[in-house]
Amino acid sequence: MQNKNTIRILLATGLGVLLWTALYWVLPKAMVVHVGYGFGLLGMGMVAGTLLRVARSTKGNYIPHVAFPLVALRYGAGNLLLTGVVLGLVLVGKIAVPWVLFTLLHAAFLAWYLWKFLAMEAGREAILATGEKAEACCENWKSLCGEAEILVKTAPAQFQKEISQMRDAVRYADPVSHPSVAEVENRVRAALAGLKESLAKNEEASVSLRCQEIQAAVQERNVCLKSRKP
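Now for a look at the structure at hand. This one's a predicted model, so the numbers in the text were calculated from it and none came from an experiment. (Residues numbered from 1 in each chain as written. Predicted model: local features only at pLDDT ≥ 70, side-chain atom pairs only at ≥ 80, totals over all residues. Heavy atoms only, no water.)

1. Focus: the pattern of salt bridges
Test applied: We define a salt bridge as a side-chain nitrogen of Lys or Arg found within 4 Å of a carboxyl oxygen belonging to Asp or Glu.
The final tally for this structure, using the stated rule, is eight salt bridges. One salt bridge in this structure joins aspartate 168 and arginine 167, with 2.9 Å as the shortest N-O distance. Connected via shared salt-bridge partners are Glu149, Arg167, Asp168 and Arg171.

2. Comments concerning the packing of aromatic side chains
Given two aromatic rings, their pairing is described by the distance between the two centres and the angle made by the two planes. Rules: Only centres within 6.5 Å qualify two rings of Phe, Tyr or Trp (six-membered ring in Trp) as a pair; their planes then separate them into stacked at under 30 degrees, edge-to-face at over 60, and tilted for everything else. Helix and strand assignments come from DSSP, with helices taken as H or I runs of at least 4 residues and strands as E runs of at least 2, each series counted from the N terminus. For every residue, the accessible area obtained with a 1.4 Å probe (protein chains only) is divided by the maximum for its type, and the residue is called buried under 20%, exposed over 50%, and partly exposed between those limits. Here, a charge over a ring means that NZ of Lys or CZ of Arg falls within 6 Å of the ring centre while also lying within 35 degrees of the ring normal.
A complete count under the given rule lists two aromatic pairs for this structure. Ring plane angle 20 degrees and centroid distance 4.2 Å describe the contact between tyrosine 24 and tyrosine 37, whose orientation is recorded as stacked. Separated by 13 residues along the polypeptide, tyrosine 24 in helix α1 (residues 2–26) and tyrosine 37 in helix α2 (residues 31–55) bring together distant segments of the chain. No difference in accessibility class separates tyrosine 24 from tyrosine 37, as the two residues are buried. Pairwise contacts between aromatic rings join Tyr24, Trp25 and Tyr37 into one cluster. It is arginine 221 that lies over the ring of tryptophan 141; its NZ or CZ is 3.7 Å from the centre.

3. A word on the environment of asparagine 186
Within the fold, asparagine 186 resides in helix α8 (residues 182–201). The spacing of asparagine 186 and asparagine 140 is 46 residues in sequence and 10.0 Å in space, taken between C-alpha atoms.

4. Quick look at the nonpolar core
We count it as follows: Here the nonpolar core consists of buried residues drawn from Ala, Val, Leu, Ile, Met, Phe, Trp, Tyr and Cys, with membership extended through side-chain atoms lying within 4.5 Å. Pairs of residues are marked as contacts when any of their non-hydrogen atoms sit within 4.5 Å.
Grouped together as the largest cluster of nonpolar side chains are 22 residues, with contacts concentrated most on Ile163, Met166, Leu192, Leu195, Leu199 and Ile214. Looking at this core, the elements that each hand over two or more residues are α6 (124–154), α7 (160–171), α8 and α9 (204–228). By residue number, the principal contributor to this core is α8, which donates six residues. Not counting residues up to four positions away in its chain, the partners in contact with leucine 199 are Leu151, Ala155, Pro156, Phe159, Ile163 and Val207. By size, the runner-up hydrophobic cluster in this structure holds 15 residues, among which are Val32, Tyr37, Val86 and Tyr113.

Laid out in structure tokens, this is it:
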């Protein structure tokens, strides 16, 4: 799939360059046209490079490969829009823009986006570290969700309703953990293990009690996590 997307992007970029060059050759060879053509190619290159990077992104490198290149994508689109509007107004005689001023305008536009890009890249490591920390905080609760899901699939028919309600409580709880709820999560894990034993022994009263215990602990955890949020 990635190879197909890469080919499409390259073909679209090649077609864009051909059309841009064809337009360049039919326009008057004024300096403002030369400047516009050069910066237009730069804009297409930025857009193509950004799309290629996004197309190759995965869950593991989503932030550096998707979030940051959006700055370059905006620059490329803005560059083409600026070039097209200014050249159009100049060629129809609506305004007169010296090529030096046009170059400085493009240079200032490029410098602004380079500053934004460098500022974002400066915080890249911190953002990635935060993402990894958040992912790690979710792993413990994800494992509990997995255990609850297994119990639903393996529980006898007469226990399905109670087990499903318990599973839903765990599934729809806040997945992000915190040290303050570690003790509650340990109780949930222990209760899930006890529920598994009760199901194996077909102890109806114990199964019901364990399900209620788990749901109460999940509710306690939700309240605790909610109180910590600003």
